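Coordinates in review
The lines below spell out each chain.
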Amino acid sequence: MKEKITIYQKAVAGRKGYNLPEPKKSDKEILAVIPEKFRRSVDAALPEISENEVVRHFVGLSVKNHHIDKGFYPLGSCTMKYNPKINDVAASLPGFLYQHPLAPCHTAAGCLQIIWETMQYLGEISGLPGVSLQPVAGAHGEFTGLLIMRAYHHSRGQKRDKIIIPDSAHGTNPASVSALGWTAVQVKSNEKGVIAPDTVAAVMTDDVAGIMMTNPNTLGLFESNVAEIVEVVHNRGGLIYLDGANLNANLGIFRPGDVGFDIMHFNLHKTFSTPHGGGGPGAGGVAVTGELEKFLPLPVLEKKDDGTLFFNYDRPQSIGRVHAFYGNFLNIVRAYAYLKALGGKGLRRVSENAVINANYLKTLVQEYYELPYKAHCMHEFVVSGNRQKKRGVKTLDISKRLLDFGVHPPTNYFPLIVPEALMIEPTETESREILDAFAAFMKQIDTESKENPEIVTSAPHNTPVRRLDEIKAARELDVCYRE
Ligand SMILES: *Cc1c(COP(=O)(O)O)cnc(C)c1O
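Reading guide: rules and limits
- Residues numbered from 1 in each chain as written.
- Predicted model: local features only at pLDDT ≥ 70, side-chain atom pairs only at ≥ 80, totals over all residues.
- Heavy atoms only, no water.
- Salt bridge = Lys/Arg side-chain N within 4 Å of Asp/Glu carboxyl O.
- Helix = DSSP H or I, 4+ residues; strand = E, 2+ residues; numbered from the N terminus.
- Buried < 20%, exposed > 50% of the residue type's maximum accessible area, 1.4 Å probe, protein only.
- Core = buried A, V, L, I, M, F, W, Y, C linked by side-chain atoms within 4.5 Å.
- Contact = heavy atoms within 4.5 Å.
- Phe/Tyr/Trp six-rings, centres within 6.5 Å; stacked < 30°, edge-to-face > 60°.
- Lys NZ or Arg CZ within 6 Å of the ring centre and 35° of its normal.
- Near = heavy atom within 4 Å.
- Polar contact = N/O pair within 3.5 Å; in protein donor to acceptor, adjacent residues only side chain to side chain.
- Areas by Shrake-Rupley, 256 points an atom, 1.4 Å probe, with all protein chains shown as cover.
- Nonpolar A, V, L, I, M, F, W, Y, C, P; charged D, E, K, R; others polar.

1. Here's the deal with the pattern of salt bridges
Oppositely charged side chains can pair when the atoms bearing their charge come close. Taken as a whole and assessed by the stated rule, the structure comprises 20 salt bridges. Across the salt bridge formed by Lys389 and Glu420, the nearest N and O atoms sit 3.5 Å from each other. Of this pair, Lys389 sits in helix H11 (residues 386-390) while Glu420 sits in the loop between strand S11 (411-412) and strand S12 (421-424), placing them 31 residues apart in sequence. Here Asp446 makes a salt bridge to Arg391, at a shortest N to O gap of 2.8 Å. Here Arg391 lies in the loop between H11 and helix H12 (395-404) and Asp446 lies in helix H13 (residues 432-451), a separation of 55 residues in the sequence. In this structure Arg391 comes out as partly exposed when scored by relative accessible area, which is 30%. By sharing partners, the salt bridges in this structure join Glu124, Arg255 and Asp258 into a single network.

Structural data, given as structure tokens:
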């Protein structure tokens, strides 16, 4: 008896997509070595489908979804830049792909060299020499950084358990703080969208462990008072953490270590061109000052006098492990390929072009959408759909309508301090034609909001699925395919 076999109803009994050689042994000989209890009584439920159909099935699925290889993806704070395919070629080299995580160091010298050089580059980019690539997400890097902060204060006999966080911060910041059992103290951005030193000074007490800043912040603005804020916090014994998920405006221009940041994390899966989205494997390494290096997670990759690399587990003040093995190694390979291909000058051009693209697009879009913070932006900017809302078209509708034009919507309703926010990050890899086209879509949607709002409020019209019940999807999460 055969079990029912289906792959989205494409299977046909008896069809197959593989060719196996005839076994060298007879059925009887094979059966003789398989104990009775391990033998199948029912045929395996393998999909009965040709290779051709399988390929079409997956290609069909891949184009139903939006992705960076298909179209523009200006999702603010996510840095959806084009990921050069050479990075994937590098990560697919058999020596990397099939490396066993338990391989002894002397058999994995090439892999260690990649990790080591990536650490050196990131140390140089950040101005913070102590790097660990073990954390596997931005939020994981934050948590690791906070553990290091806690270890530092404990080593000085201090129990501090509060962290200052601006109201424009990414939600992972307060979440990481509470994961540690600490308390977040929120400070308000001023009318220019940045944090004033006085605001920080007012809450900087002796039980505050430090401040978590994002620079450029999530409004896409450079925190122009950062040097004074660093001084305020350091003077009261606190440390300065940089949420460096979005370094796309900083490369080769602004080194956080140079202005006094003590700890930061990187999102290799944003700035350093590792593909991401859909919760795929990330890489959220951390960097710290020389003084904090002793607290980095175990093991630490170090170099012996003779130049060989090894994992040092003998670090008594370390916070311990934060992840199995040494992070998502293949993502590190992708970032390495990207860093190597660009070099120092190329990285600086990345940031220059990211900032130019964002300012160019801002100038076009602000014709039709309210721009609450007027300053020059860095790699992204935030507009508000307030005007359109008065005509009955919400930011959610604008986002859905953009899908009809083959564009992924910007991040919406974030940061929370801007009502009806649309957070737009074009990245450096988009051409002027694409930015112009996006601005034209935004203009058209604005016109529609006046003349034909229904077409916006009922969008999307030409996507594989129409408007989804996102609340039900979140409340009754079910990620399994079932017939
Ligand atoms: C993306 C992002 C994070 C979180 O990174 P994950 O890898 O998603 O955990 C944190 N802060 C900022 C500013 C971000 O943009």
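2. Brief notes about the nonpolar core
Note that soluble globular proteins tend to have their nonpolar side chains buried in a common cluster. Membership of the largest hydrophobic core comes to 52 residues, with the highest contact counts inside it found for Phe272 and Leu301. The greatest single-element share of this core, amounting to 10 residues, is contributed by helix H10 (residues 329-365). Dropping the residues within four chain positions of it, Phe272 is found in contact with Leu122, Ile125, Leu247, Leu251, Phe266, Asn267, Ala335, Tyr338 and Leu339.

3. Quick word on the packing of aromatic side chains
The final tally for this structure, using the stated rule, is six aromatic pairs. Centre to centre, the rings of Phe72 and Phe438 are 5.3 Å apart; their planes meet at 80°, and the pair counts as edge-to-face. Residue Phe72 is found in the loop between helix H2 (51-64) and helix H3 (85-91), and its partner Phe438 is found in helix H13; the two are separated by 366 residues along the sequence. For the pair formed by Phe72 and Phe438, the shared burial category is buried. Over the aromatic face of Tyr18 sits the side chain of Lys16, whose NZ or CZ is 5.2 Å from the ring centroid. When the ring centre of Phe310 is taken as origin, the NZ or CZ atom of Lys304, which lies over that ring, is 5.3 Å away.

4. Describing the site of the ligand
Near the ligand there are 13 residues, and of these Ser77, Gly138, Asp243, His269 and Lys270 occur at the shortest range. Ser77 is positioned with one of its side-chain polar atoms (N or O) 2.6 Å from an oxygen atom of the ligand. Contacts to the ligand include Asn246, whose side-chain N or O atom sits 3.3 Å from an oxygen atom. Burial of the ligand by the surrounding chains reaches 85%, relative to a free accessible area of 380 Å². The element that contributes the greatest number of residues to the shell around the ligand is helix H6 (residues 138-155), accounting for three residues. Class assignment of the residues belonging to the shell around the ligand gives a composition of three nonpolar, seven polar and three charged.

5. Some details on the environment of His376
Among the structural elements, His376 can be located in the loop between H10 and strand S10 (381-384). Separated by 18 residues in sequence, His376 and Ala358 have C-alpha atoms that sit 9.3 Å apart. If we skip the residues at most four places from it in the chain, His376 touches Leu221, Asn359 and Lys362. Within the structure, His376 has its side chain in polar contact with the side chain of Asn359 (distance 3.4 Å).

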